[in-house]
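One letter stands for each residue in the lines below.
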Amino acid sequence: MWRMGRYNRIIVLLLLAVSLTLTACAQPAGTGEPVQGAGTGAQIQNQAQAPAEEPSNEPAGEPKKMPEEALYVCQYTTNQVAVIDLATGETVREIPVGAKPIALLQSPDGHYVYVANSGSGDVYRISTVSGEIEARIAMGNQPVAMAINSAGDRLYVLDYYLNRVSSVDLKIRSMVGFYPLNTCGFEERMEPPDCCHDIFGEPLGAGRKPSAIVLDEAENKIYVGNMGTWDIAVIDLQEGKEVEAYDAAFGINEMIFAGSASRLYISAAGNELDINDAILSMDLKGGGKTDKVKVGEKPVSIASSPDGTILYVVTEKEAKLVGLDTETGQVTGQCLLSGQPGDLALSKAGDKAYIANLLEGTVFVVDTRDYEILETLQAGVTPRALVYSDHRQF
């Protein structure tokens, strides 16, 4: 009897164990809470048993289409270039670039935009068709401004810190040489006044400190505006060196040819003690003789209409856009802005002006026919430079 009772108890225990095992196997997998300290194996098992996602209808790897008419904007503090679709006014792309992007330049055929990154010492090339970065070109130290030849195969880049103009062969995407500026500027100038600060807000220090550039292909020369010695350096590309310097003004920001082929216009804001209220009109054939055209305090950017008859100037302190007749120097119109207006770009037809507002992170769109603000676009943090692009031309 004792032996039979013992066997019965063993059978009952075995049946109970089998029942518990079957119950555990019947539980649905992956439905419980994760076990603390279970490790990655349990997580991977649960993920593997999760239902598969629906396949995407979009073709794999197909690039997003870039807008036909766009504005490229340097976002200085976030190290990006924003692409604004001008048909909608929306930012459709923010392209990461190098550190402290400060200047933009479009190729003559419109297929590329070049970005000078003053903090990382390089230039990026962005395709306006795909929006992708196609090249990164090491430049030296602090590129701040650029010029390009009409064939689109040679780029000239100012280095603010190294006091030189670098030459870039765009076919091989590499710097192939440079033109150093002379140690001394106009009339042996070497040191700037103690009052002045550079384009980054730092004390100016010694050196030429080039800040603006323009290429004269007909004469095979480059003109360089220097903040440190407040003059214009003339580089002869045939001789490969600086051959002359003209007196100019404090705080040179931009330069442009307009009207007469030998007439160079210079926007210079001045300094802390003496704010400029005029742009310079320099007669290059007349040995650098200059005239002043009053536009308002702190002229910072400048652009020319497609036919060269109207000059547009943005003044920072008075916050306005001014139009000038290049033949007479007379004001043709003006538009009041706000904040801290800076860089200026024109549409292909010249009927619209786009003006960066550094303080408010916006871009003004101004009708240049009646000098009225049409709209204000959001442009991100610290918009520093602008380029207009029109894909409808190709």
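Residues numbered from 1 in each chain as written. Predicted model: local features only at pLDDT ≥ 70, side-chain atom pairs only at ≥ 80, totals over all residues. Heavy atoms only, no water.

If you check an unreviewed UniProt entry, the chain appears there as 40-residue YVTN family beta-propeller repeat protein from Desulfitobacterium hafniense.

Examining the overall build of the chain
The line we're drawing: Starting at the N terminus, helices and strands are each numbered in turn, a helix being any DSSP run of H or I of at least four residues and a strand any DSSP run of E of at least two. Only heavy atoms enter the contact rule, under which two residues are in contact if any of them lie within 4.5 Å. Working definition of accessibility: Shrake-Rupley area with a 1.4 Å probe, residue cover restricted to the visible protein chains.
Helices and strands together make up the secondary structure of the chain, namely 2 helices and 28 strands. For the chain, contacts bridging at least 24 residues in sequence account for 41% of all contacts bridging at least 6. Working note: accessible area of the chain is about 20,100 Å², and carbon and sulfur atoms make up 50% of it.

Considerations on the side chain of Arg164
The criterion, for reference: Note on classification: 1.4 Å probe, protein chains only; a residue is buried when its accessible area is under 20% of the maximum for its type, exposed when over 50%, partly exposed between these limits. Counted charges follow a simple rule, with Lys and Arg positive, Asp and Glu negative, and His plus the chain ends left uncounted. Definition used for salt bridges: Asp or Glu carboxyl oxygen within 4 Å of a side-chain nitrogen of Lys or Arg. Identification of polar contacts relies on pairs of N or O atoms within 3.5 Å, with a donor-acceptor requirement for protein atoms, meaning one able to donate a hydrogen and the other able to accept it, and with residues adjacent in sequence counted only if both atoms are side-chain atoms.
Here Arg164 is to be found in strand S10 (residues 164-169). Of the side chains with opposite charge, Asp159 comes closest to the buried, unpaired Arg164, at an N-O distance of 4.7 Å. Among the polar contacts listed, one links the side chain of Arg164 to the backbone oxygen of Met139, at a separation of 3.4 Å.

Digging into the sheet that holds strand S26 (residues 362-367)
Test applied: Two strands make a pair as long as DSSP finds a minimum of two bridges between them. Inter-axis angles, ranging from 0 to 180 degrees, are taken between N-to-C directions of lines fitted to C-alpha atoms, where helices are fitted over the stretch in contact.
With antiparallel pairing, the 4 strands of this open sheet are ordered in space as S24-S25-S26-S27. Two strands bound the open sheet, and with one partner strand each, they are strand S24 (341-346) and strand S27 (372-378). Direction aside, neighbouring strands of the sheet carry axes that sit 25° apart on average. Relative to S26, strand S25 (residues 352-357) runs antiparallel, the two sharing 6 bridges. Bridging from a neighbouring strand, Ile355 pairs with Phe364 of S26.

Some remarks on the confidence of the model for the chain
This is how it is decided: Across the chain, each position has a pLDDT score giving the predictor's confidence in that residue, from 0 to 100.
When pLDDT is averaged along the chain, the result is 84, and 79% of the positions lie at 70 or above. Here residues 1-61 is a poorly scored stretch, pLDDT under 50, and it has 3 contacts once near neighbours within four places are set aside; other chains count.

Some thoughts on the packing of aromatic side chains
Selection criterion: A pair of Phe, Tyr and Trp rings is counted when the ring centres sit within 6.5 Å of each other, with Trp represented by its six-membered ring. The angle between the planes then sorts it: under 30 degrees is stacked, over 60 is edge-to-face, the rest tilted. We call a charge positioned over a ring when the NZ of a Lys or the CZ of an Arg lies within 6 Å of the ring centre and within 35 degrees of the ring normal.
In the structure shown here, the tally under the stated rule is 4 aromatic pairs. Considering the side-chain rings of Tyr223 and Phe257, the 6.1 Å spacing of their centres and the 85° angle between planes classify their relative orientation as edge-to-face. Remark: Phe257 occurs in strand S16 (residues 252-257) and Tyr223 occurs in strand S13 (residues 221-226); sequence separation between them is 34 residues. Given the relative accessible area of 5%, Tyr223 is considered buried. According to the relative accessible area criterion, Phe257 is partly exposed, its value standing at 22%. Between Tyr354 and Tyr388, the aromatic rings sit 6.0 Å apart at their centres with planes inclined by 15°, giving stacked as the arrangement. One end of the pair, Tyr354, is in strand S25; the other, Tyr388, is in strand S28 (residues 383-390), and 34 residues separate them in sequence. Judged by its relative accessible area of 9%, Tyr388 is buried. Seen from the ring of Tyr160, Lys209 lies directly overhead, with NZ or CZ sitting 5.6 Å from the centre.

Concerning the sheet that holds strand S3 (residues 90-96)
Taken in spatial order, the 4 strands of this open sheet run S3-S2-S1-S28, and their pairing is antiparallel. In this open sheet, the two strands that pair with only one neighbour each are S3 and S28. Across the sheet, the mean angle separating the axes of adjacent strands is 20° when strand polarity is ignored. Alignment of strand S1 (residues 69-75) against strand S2 (residues 80-85), held across 6 bridges, turns out to be antiparallel. By the bridge assignment for S2, Tyr72 is matched with Val83.

What about the pattern of salt bridges?
Applying the stated criterion across every chain yields a total of 12 salt bridges. Arg208 is paired through a salt bridge with Asp231; the nearest N and O atoms lie 3.5 Å apart. In this pair, Arg208 is assigned in the loop between strand S11 (174-180) and strand S12 (210-216) and Asp231 in strand S14 (residues 231-236), connecting sequence segments 23 residues apart. By the burial criterion, Arg208 is buried, and Asp231 matches it. With its nearest N and O atoms 3.9 Å apart, the salt bridge here joins Arg263 to Asp291. Within this pair, whereas Arg263 is found in strand S17 (residues 263-268), its partner Asp291 is found in strand S19 (residues 289-294), the two being separated by 28 residues in sequence.

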